[in-house]
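Given next are the chains, with one letter for each unit.
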Amino acid sequence: MELQVLTGNEVSATVELGVEEGGDRLDAFLADQLEELSRSRIQKLIAQGQVVVNGATCDSKKVLVQMGDRITVTIPDAEPLDLQPEHIPLDVLFEDGELLIVNKPAGTLVNALLWHCQTPSGTSTLSGIGGTQRPGIVHRLDKDTTGAIAIAKTDRAHLHLQQQFHAKTARREYWGVVYGAPKTEQGTIEAPIGRHRVDRQRMAIVPEAEGGRRAVTHWRIQERLGNYTWMNFELETGRTHQIRVHTAHLGLPIVGDPLYSSAHSIGVNLAGQALHAWRLRLLHPVSGEAIEAVAQPPASFETLLEVLRRRELRR
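All of the points below concern the structure found in this document. In this text the structure is predicted, and so the values were computed from the model without any measurement.

## Focus: the overall build of the protein chain
Here is step 1: A count of helices and strands for the protein chain gives 6 helices and 16 strands.
Here is step 2: Per-residue burial for the protein chain yields a buried fraction of 49% across its 315 residues.
Here is step 3: Counted over contacts in the protein chain with a minimum sequence separation of 6, partners at least 24 positions apart contribute 66%.
Here is step 4: Surface exposure of the protein chain reaches about 15,000 Å², of which carbon and sulfur atoms provide 48%.

## Some points on unusual backbone geometry
Here is step 1: Of note in the backbone geometry, Asn54 takes a positive phi value of approximately 55 degrees without being a glycine.
Here is step 2: Looking at the element boundaries, Asn54 is found in the loop between β3 (51–53) and β4 (56–57).
Here is step 3: For Asn54, a relative accessible area of 48% gives the class partly exposed.
Here is step 4: You will see that Lys168, though not glycine, has its phi angle at about 65 degrees, which is positive.

## Some thoughts on the pairing of strand β6 (residues 91–95)
Here is step 1: Across 4 bridges, the pairing between β6 and strand β7 (residues 99–104) is antiparallel. Among the inter-strand pairings, Asp91 is bridged to a residue of β7, identified as Asn103.
Here is step 2: Linking β6 to β7, which pair antiparallel, is a turn of 3 residues.

Reading the values: the criteria
Residues numbered from 1 in each chain as written. Predicted model: local features only at pLDDT ≥ 70, side-chain atom pairs only at ≥ 80, totals over all residues. Heavy atoms only, no water. Helix = DSSP H or I, 4+ residues; strand = E, 2+ residues; numbered from the N terminus. Buried < 20%, exposed > 50% of the residue type's maximum accessible area, 1.4 Å probe, protein only. Contact = heavy atoms within 4.5 Å. Areas by Shrake-Rupley, 256 points an atom, 1.4 Å probe, with all protein chains shown as cover. Pairing = 2+ DSSP bridges.

What follows is the structure, encoded as structure tokens:
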């Protein structure tokens, strides 16, 4: 199967896919391959006639893709943004004309990016492939998760980086503080994730036969802190809320998580859940140079660790 992604009238990337990729619904298949595009945006592109299967425009998101299909997705120029640039300082870990990596704080990021990446005339220098709400953003970090995130300044960088995340040559590692104490020092969580059947704001463990998608998280312990544990996570897949869902499934919810964790009084005012993308490794989209960006955790994360250490010393 061959997937082509077009911007304007030029072929920008080609991804060769194996036999095992056949049989998925069109929108689910494209969402899996184009991680920088949300499933709702892909469905909109299909409805707009921007997706062609075997030379024919496809207007149904429910079409099943088959081995040997040729799929072309045209991503139109980004629409004008309603969002306004805001002069919010950014912790820049790497930057050149193609790529920007920042240490994302909890909360929204786009307004600060628009300010940082604007020309003297006020126009944005960010890639438009991510659409009007996510210009330049190649991969997802939950709103209240902090840490290293890559932003593409050009369309060619955007597509090259998207290929890296799909091929798993770009790697992400996270630190998280969970409530509970694992019995072993390291392990792997492999459980499919899908939309919660009742609460559509949440994800859940859902069998693949019922729409769940394969999800794999590797973990190891950084430090045991009594009834809490500081853990390191490495993602093999990149599902929405993956670490948060997987740890909750093990009975080890992330501290401060408003969706998947019960309240535990810890005496620390966290900016979001205690989950931080501390390291991002990828290849520069033009030079091929290996880049490792290390992001320091926010002060509230460090404070949480100190509070838990002092609490453990008093036991």
